[in-house]
Amino acid sequence: MTLKNSFLADVYENMKRRNWVFWLSFLTFLCYFPGYLMLSLNNIRSRYEGVTDSASLIRMQERMDETVEVLFLLNGFMPVLIIGLAILIGMQGFAYLHNKRQVDFYHSQPVSRKRRFTVLWLNGIMIFVVTYLINMVLGMAVATVFGCMSGVIFTGAIKAFFLYLLLFLGIYHIAIIAILLTGNTLVSLLAMGVLLGYELAARAMNVFMATSFFITYGSGEEEKIFDTLFSPIVNIYKYIILGGREYNYSQYANENYTYGNTALGLFVLAFVFGVVSFFLYQKRASESHGNSISFPKIKEVLRFMLLVLMGSFGTYLIYYVAGENVAMGLAGAVFFVALGHAVIQLIYEVDFRAICKKWLTATISLVTVILVFLGFKYDWTGYDQRIPKQSQVESVYVSLAAEGFTNSNYVMMDGTEIYHQYKARRMEITDLDIIYKLLENRERISMNTRTFDGTYETIDVNFRLKNGKTDYRRFYLRYEENLGLLDEIYHMEEYQLANNQVMEEDFVENYRIVSATYNNGSGNGATPIDADMQALVEAYKKDVENVSYTEVYYNYPKAQISLMGIGIMNEEYRNSWNILIYDSYKNTIALLEESGIDVEHVFDESFINSIQKIEVRLDDYKLLTPSATEQVSYLDTYKTAIYTNPEVYEKIMENAVPSTNRWWPNRNRSDNDGYSIYIYTPNPYNASDYYMDEVYFQTGEMPQFIIDDLEKIPFGEEVIIK
Amino acid sequence: MITLTNVSKRFDDVWAVNNVSLTMQEGNVFGLIGTNGAGKTTLLRMVAGIMKPDGGHVLIDDKPVFDNENAIKDVYFIPDEPFFFRNANGKDMEKYLKTIYEKFDSNAFYEYLEKFSLDKNRKISTFSKGMQKQMAIICGLCANTKYLICDETFDGLDPVMRQGIKAIFANHMEERGLTPIIASHNLRELEDICDTVGLLHKGGVILSKDLLDMKCNIQKIQCVFATEEEENKAMQKLAVLQKEKRGMLCTMTARGSKEEIQTAFTTLDTVFYEVLPLSLEEIFISETEVVGYDIKKLIFS
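Since we're looking at a predicted model, the values are computed, not measured.

Our focus in this paragraph is the overall build of chain A. Scanning chain A for helices and strands turns up 24 helices and 15 strands. Buried positions account for 34% of the 722 residues belonging to chain A. Taking all contacts inside chain A whose residues are at least 6 apart in sequence as the whole, residues at least 24 apart take part in 74%.

Structure (structure tokens):
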């Protein structure tokens, strides 16, 4: 076939020169789609060979369907494959620019740069598209043979293909840009690393510094590392990890990472990088082959950017390794900037003697690194003392101490999220006056002046600004002095609804609550609650409306109720909500008691009667740090009272809190006044052995006779009290 | 016609071509000679549209050449190290080039391959350096472009092949008005074939003239003056570029036509004098010596 001097002839002839890449791409997708699928499905089928019961056959079909679904729809491996291919195809197409003979050959031909770029660019895309689609169809044929193909898979596969195509284009254009900016392949690879990773690395560096030096830097801010503007890789992985469920079940949408948003983001990046690569191709001088950088004007800019990042990393590293020593950190800055400069010079000039030249940019970079480091270290921008102006804030999310993890997954109508994510996304407090009044009382401390005297507690605040940005902060507050304001926040409807999903209207109906269990942490396990779920939840809601934050703050919960719901999307998926019951929850407690649950007694009589001994230990670790002349043994730092009289057990256990309750939210959970209380019960399987449980007392509730008994015992001694 | 007006090209801090103005007439063979590093290849790469000048203009038939298909379609560039596709044979090159050059003559291509005993099915990478140059020249000639730029193309060819190719060039010039532009160090080769010669040194043009004019305007004189006074008179009357004296025999290179030199000598008292034509190589040495490129410095310093 001869295509005389036409665009198609150029395309055809160029494709002849790219055969090996075509076949490599073809083989890759051949192995991925029909190859892997055939082996996997065959493997599953052979494992169920001879099985005839319908349940197993259904399971086999499910496994095969799952395999097909994972392969054709989005998964974490395919982007890796595509990134590799995009880099290879991009480099192979444009690497001729690094070879003088090829440049002379091609650029002396009567073919405009626009046309040559278009031919090379188009062929690269065709290689990807053709080899992907052929093998995807072959894979679908295999899936059909195994009876796993469906319209949903087909549509999903097409949707996945378009997303992958956009990812390919983004990375492909970055690879072309790397080739165009440089003059040899090795430097191109380095440039690609810089183009793909610089922004992420710079963001990570910023977060490391802020986390280390700003005491009010909120943990949510760390996620901003991934708020990249220029990374197709982050875009696709965010979607796969955070929004991927939407792909399989359209109802499970995460509104930030939908298919449409991701596709749009990838398209914009692919387009921008495409335009840049086209522009650079027009402007790149043919004689740039062999040079490290093709555009001399960007050399120093690049050097500055790399040195600032590398120097900041070095400063931070040495500062920490040297025990947060500022002088050593600055020495690290000098060393790493000099090292970076030497490496860059070596790459630029390919001459060892050149490493001692061109210090101006390196010096400017060093000064920048030092200023940035000191700026963070001494908070020159006043970050820790500043909060967003109230007028700039749309709404806030707050997370108070003693309100936290309850092992719950909170189900949303469109997806499942863990407690914190749910709260962070749903809580939109707009009554900012109270929040700002509370924040006025925050402790004005900085990383350099911090002292943890145990009187501060944290309050996490996420400011949602009117300009669409967010600012996550962690402030320090003396809660006991601010309980009035905290109570007000706690009673806000926005707070309660986001803090506790059970407070939603029609909760039982919406989440198909079918059962509930009661657990007081005593080790008796969960007891089923024989009550109407609607009545139970209504009683609980009424109690929550009446409870104050002050009570939650000061008290241990009495028990935990787990509400079980049937999954919204499919029957197999179950979700549970754990709600905590406090002393003042009169309505709930009454309902529980009506159902035959003894709420008042945490430890039942049979347990108390089985106690063999109770050991109370008082630790005083301060004794461990005497002067050198007064060496104290570890054994001398505590004293122990052992109770063996069953009559006193009931008195001791009356107010004791089970050890498992310790993990339930309560500010006092780690505060046992320095006492450790161990309960020994016989091991039914071994008469000579004991079970040992630990119990706790809320602050101030330790029985006085124990305190009196321990008073009489000197440190280092153990006394049996009968 | 190819016109270069104040063309400059810089690599980092070095001006490879500095303010060069030249004209390459259609139907003539233009020879580009120059010292090492004079900028010949850079100049040719600009003429071929590969590189963009940093200053000045390169026009082919009044059309700017850089990234201009309309201008470049009339030019074929044969670099000093020609490129062929990996694993390609003659047939592959023919198929490719005819999609690029509208007037590519496939019949002539295969005829030439046969004449030059180059196997069209053999991988070009297995050819010798000389054979690869032959292949490049055949590709260039068969592209049927108006201008054929050859950078050191004749180096590496055996004398018979050189003569053969010169003859083919002559045929193409006669039949279709080919204008070859040839850069070479081999001045003896250029002397036979070129009509016009451009002499480059340190990025600038020392001279660019019709070779015949050039030869007519510079003469070598061997003479024996009667007295030293006569010798001094001769130095004042003639534009002497070079002078060497061995015993009484004085050898000079001077500007001027043979007649002008002879007229000057009729007024001088000499024992003997003879005016001889200069070879291109001798002209090159004389002209470059004037601008400081002195071979004696290389040998005796």
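Here the narrative resumes, following the displayed structure.
Another point: the overall build of chain B. Each helix and strand in chain B was counted, giving 12 helices and 14 strands. Burial status across chain B gives 38% buried among its 301 residues. Taking the contacts inside chain B whose residues are at least 6 apart along the sequence as the reference set, 69% of them involve residues at least 24 apart.

Another point: the sheet that holds strand E14 (residues 686-696) of chain A. All names here are of chain A. The sheet built from 6 strands is open, its strands ordered E12-E14-E13-E10-E11-E15 with mixed pairing. At either margin of the open sheet sits one strand with a lone partner, and together these are strand E12 (657-658) and strand E15 (718-721). Sheet topology note: the strand E10 (residues 613-619)/strand E11 (residues 638-643) ladder contains 6 bridges and is antiparallel. Across the sheet, residue Arg-617 finds its bridge partner in E11, namely Thr-640. Along the sheet, helix H24 (residues 704-712) contacts E10, E11 and E15; its crossing angle with E11, the most-contacted strand, is approximately 125°.

Residue and element names in this part refer to chain A. Taken in spatial order, the 3 strands of this open sheet run E1-E4-E5, and their pairing is antiparallel. Either end of the sheet is taken by a strand with one partner, and the two such strands are strand E1 (393-400) and strand E5 (470-477). Taking the axes of each pair of neighbouring strands and ignoring which way they run, one obtains an average angle of 25° across the sheet. Bridge analysis of E1 against strand E4 (residues 457-465) gives 7 bridges, and the strand direction is antiparallel. Its bridge partner being in E4, Leu-400 is matched across the sheet by Ile-459.

The subject of this paragraph is the confidence of the model for chain A. Of the residues in chain A, 89% have a pLDDT of 70 or more, and the chain-wide mean is 86. Predicted confidence is poor over residues 246-253 of chain A, with pLDDT under 50, and the contacts of this stretch with residues over four places away or in other chains come to 21 contacts.

Attention now goes to the nonpolar core. In terms of nonpolar packing, the biggest core is built from 134 residues, with Ala86(A), Phe168(A), Ala175(A), Val47(B) and Ile149(B) touching the most fellow members. Tallying contributions element by element places helix H7 (residues 151-181) of chain A first for this core, with 20 residues. Filtering out sequence-adjacent residues up to four positions away, Phe168(A) remains in contact with Ile82(A), Ala86(A) and Phe128(A). In terms of nonpolar packing, the next biggest core, distinct from the first, is built from 24 residues, Ile529(A), Ala531(A), Val537(A) and Trp577(A) among them.

Residue and element names in this part refer to chain A. The contact between helix H19 (residues 533-546) and helix H21 (residues 586-594) brings their axes to 7 Å, and the two run at 150°. The pairing of H19 with H21 is recorded here as roughly antiparallel in orientation. Seen from H19, the contacting residues are Ala-535, Leu-536, Ala-539, Tyr-540, Lys-542 and Asp-543; seen from H21, they are Lys-586, Asn-587, Thr-588 and Leu-591. When the residues that make up the contact of H19 with H21 are grouped by side-chain class, the tally is 5 nonpolar, 2 polar and 3 charged.

Our focus in this paragraph is unusual backbone geometry. Residue and element names in this part refer to chain B. Phi at Asn-19 is positive, roughly 60°, even though this residue is not glycine. Residue position: Asn-19 is located in strand E2 (residues 14-24). The phi dihedral of Asn-87 is positive, around 70°, even though this residue is not glycine. Looking at where Asn-87 falls in the secondary structure, it is placed in the loop between strand E6 (75-78) and helix H3 (90-100). A residue is classified by how many C-beta atoms lie within 10 Å of it, and Asn-87, with 10 of them, is exposed.

This part is about the domain arrangement of chain B. As far as domains go, chain B holds domain 1 (2-210) and domain 2 (217-300). Spacing between the C-alpha centres of domain 1 of chain B and domain 2 of chain B amounts to 36 Å.

Turning next to helix H13 (residues 360-377) of chain A. All names here are of chain A. Helix length check: H13 (18 residues) gives 26 Å between terminal C-alpha atoms against 26 Å at 1.5 Å per residue, within 8%. Those residues of H13 lying buried are Ala-362, Ser-365, Leu-366, Val-369, Phe-373 and Phe-376. Across the axial projection of H13, the buried residues extend over an arc of 105°, all falling on one side. In H13, those exposed residues whose orientation departs by more than 90 degrees from the buried face are Leu-360, Thr-363 and Leu-371. Immediately beyond the C-terminal end of H13, within one or two residues, lies Asp-379, with a positive phi of roughly 45°.

Our next topic: the interface of chain A and chain B. Taken together, the 23 residues of chain A in the interface contact 20 residues of chain B. Of all the secondary structure elements, the ones that give two or more residues to the side of chain A that touches chain B are helix H1 (7-16) and helix H5 (100-107) of chain A. Here the element with the most residues in the side of chain A that touches chain B is H5(A); it accounts for 6 residues.

This part covers helix H11 (residues 296-321) of chain A. All names here are of chain A. When the terminal C-alpha atoms of H11 are compared, their 38 Å separation across 26 residues agrees well with the 38 Å that a helix rising 1.5 Å per residue should span. Listed in full, the buried residues belonging to H11 are Arg-303, Leu-307, Val-308, Leu-309, Met-310, Gly-311, Ser-312, Gly-314, Thr-315, Tyr-316, Ile-318 and Tyr-319. The secondary structure elements touched by the buried residues of H11 are helix H8 (185-213), helix H12 (326-349) and H13. In the segment just after H11, Gly-323 is the residue with positive phi, at about 70°.

For chain B, per-residue confidence averages 87 on the pLDDT scale, and residues scoring 70 or more make up 95% of the total. Across the assembled chains, the prediction reports ipTM 0.85 with pTM 0.80.

Moving on: the environment of Phe272(B). All names here are of chain B. Structurally, Phe-272 is set in strand E14 (residues 270-277). Judged by the 11 C-beta atoms lying within 10 Å of it, Phe-272 falls in the exposed class. Separated by 49 residues in sequence, Phe-272 and Cys-223 place their C-alpha atoms 5.2 Å apart.

Residue and element names in this part refer to chain A. In the sheet, E4 pairs with E5 via 8 bridges, with the strands oriented antiparallel. Across the sheet, the residue bridging to Asp-460 is Arg-474, located in E5. Linking E4 back to E5 in an antiparallel pair, the connection comprises 4 residues, with Gly-468 at a positive phi of about 90°.

Residues and elements named next belong to chain A. Contact pair H1 / helix H6 (residues 113-145): the axes reach a minimum separation of 9 Å and the direction vectors enclose 50°. In terms of orientation, H1 lies oblique with respect to H6. Two packed elements cross with a definite hand, and for H1 against H6 that hand is right-handed. Contacts between H1 and H6 involve Phe-7, Asp-10, Val-11, Asn-14 and Met-15 from the former and Arg-115, Val-119, Leu-120, Leu-122 and Asn-123 from the latter.

A few words on the pairing of E6(B). All names here are of chain B. Covered by surrounding structure in E6 are Val-75 and Phe-77 together with Tyr-76 and Ile-78, the residues of both alternating faces. Sheet analysis places E6 next to strand E7 (residues 147-151), joined by 4 bridges and oriented parallel. Opposite Ile-78, over in E7, you have Cys-150 as the bridge partner.

So, on to the environment of Ser188(A). Residues and elements named next belong to chain A. Within the secondary structure layout, Ser-188 lies in helix H8. Separated by 97 residues in sequence, Ser-188 and Met-91 place their C-alpha atoms 8.6 Å apart. Ignoring anything within four residues of it in the chain, the contact list for Ser-188 reads Met-91, Ala-178, Ile-179 and Thr-182.

Reading the values: rules and limits
- Residues numbered from 1 in each chain as written.
- Chains lettered and ligands numbered in written order.
- Predicted model: local features only at pLDDT ≥ 70, side-chain atom pairs only at ≥ 80, totals over all residues.
- Helix = DSSP H or I, 4+ residues; strand = E, 2+ residues; numbered from the N terminus.
- Buried ≥ 20, exposed ≤ 12 C-beta atoms within 10 Å, placed from the backbone.
- Contact = placed C-beta atoms within 7 Å.
- Pairing = 2+ DSSP bridges.
- Axes fitted to C-alpha atoms, helices over the stretch in contact; angles between N-to-C directions.
- pLDDT = per-residue confidence, 0-100.
- Core = buried A, V, L, I, M, F, W, Y, C linked by C-beta atoms within 7 Å.
- Parallel < 35°, antiparallel > 145°, perpendicular 65-115°, else oblique.
- Nonpolar A, V, L, I, M, F, W, Y, C, P; charged D, E, K, R; others polar.
- Domains from an automatic or database assignment.
- Expected span 1.5 Å × (residues − 1).
- Arc of directions from axis to C-beta.
- Left-handed = near helix turned anticlockwise from the far one by under 90°.

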